[in-house]
Amino acid sequence: MRKTKGISMGDNCYLGKNTSKKSPMELLNEVPPIKVEERIVASEGDRNPALGHPIELICLDLEAPAVCKYCSLRYVQDHHHH
């Protein structure tokens with residue numbers, strides 16, 4: 001029987017080697033808001049339902065980016081017309 005090393009909080013094996021000293025929120029804030037044409041967006045967290053979160057419908061009526069309460073991604077309505 002092969003022995004395996006246990007995973008501890010410091011291993012980060014599932015996240016890769018993140019050497020950044022930034023907090024998760026600082027890293028998320030570096031992601032620009034996602035521009036969508038619609039007034040309502042459905043945030044799923046991931047296209048694969050097994051990896052995402054419950055669908056949250058977000059209204060983009062305000063000028064400021066709207067934030068998903070599950071994954072903290074920000075969305076903004078793109079008023080650019082073709």
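Everything here concerns the structure above.
Each value, and the rule that gives it
Residues numbered from 1 in each chain as written. Predicted model: local features only at pLDDT ≥ 70, side-chain atom pairs only at ≥ 80, totals over all residues. Heavy atoms only, no water. Helix = DSSP H or I, 4+ residues; strand = E, 2+ residues; numbered from the N terminus. Buried < 20%, exposed > 50% of the residue type's maximum accessible area, 1.4 Å probe, protein only. Contact = heavy atoms within 4.5 Å. Areas by Shrake-Rupley, 256 points an atom, 1.4 Å probe, with all protein chains shown as cover. Pairing = 2+ DSSP bridges. Core = buried A, V, L, I, M, F, W, Y, C linked by side-chain atoms within 4.5 Å. Disulfide = S-S within 2.5 Å.

Asker: Report on the overall build of the chain, specifying residues and quantitative values.
Answerer: Looking only at helices and strands, the chain features one helix and five strands. The N-to-C order of helical and strand elements in the chain reads α-β-β-β-β-β. Within the chain, the fraction of its 82 residues that count as buried is 17%. Within the chain, contacts between residues at least 6 apart in sequence are counted, and of these 34% link residues at least 24 apart. As presented, the chain carries roughly 7,200 Å² of accessible surface, and 57% of it is formed by carbon and sulfur atoms.

Asker: How would you sum up the sheet that holds strand S1 (residues 34-36)? Please name residues and give values.
Answerer: Strand order across the open sheet formed by three strands is S1-S5-S4, with mixed pairing between neighbours. Looking at the sheet topology across the chains shown, the edges are occupied by S1 and strand S4 (66-67). One ladder, built from two bridges, connects S4 with strand S5 (residues 74-77); its direction is antiparallel. Each residue of the ladder has a partner; that of Val-67, found in S5, is Arg-74.

Asker: Account for the nonpolar core, with residues named and values stated.
Answerer: Grouped together as the largest cluster of nonpolar side chains are eight residues: Val-36, Val-41, Ile-58, Leu-60, Ala-66, Cys-68, Cys-71 and Tyr-75. Each residue touching Val-36, except ones within four places of it in the same chain, is listed here: Val-41, Leu-60, Val-76, Gln-77 and Asp-78.

Asker: Any chance you could break down the state of the cysteines for me, citing the residues and the numbers?
Answerer: Every disulfide links exactly two cysteines, by a covalent bond between their sulfur atoms. On inspection of all chains with the given rule, the structure shows zero disulfides. For Cys-68, which is in no disulfide, the shortest distance to another cysteine sulfur is to Cys-71 and amounts to 3.7 Å. In this structure Cys-68 comes out as buried when scored by relative accessible area, which is 1%. Under the relative-accessibility criterion, Cys-71 is labelled buried at 19%.

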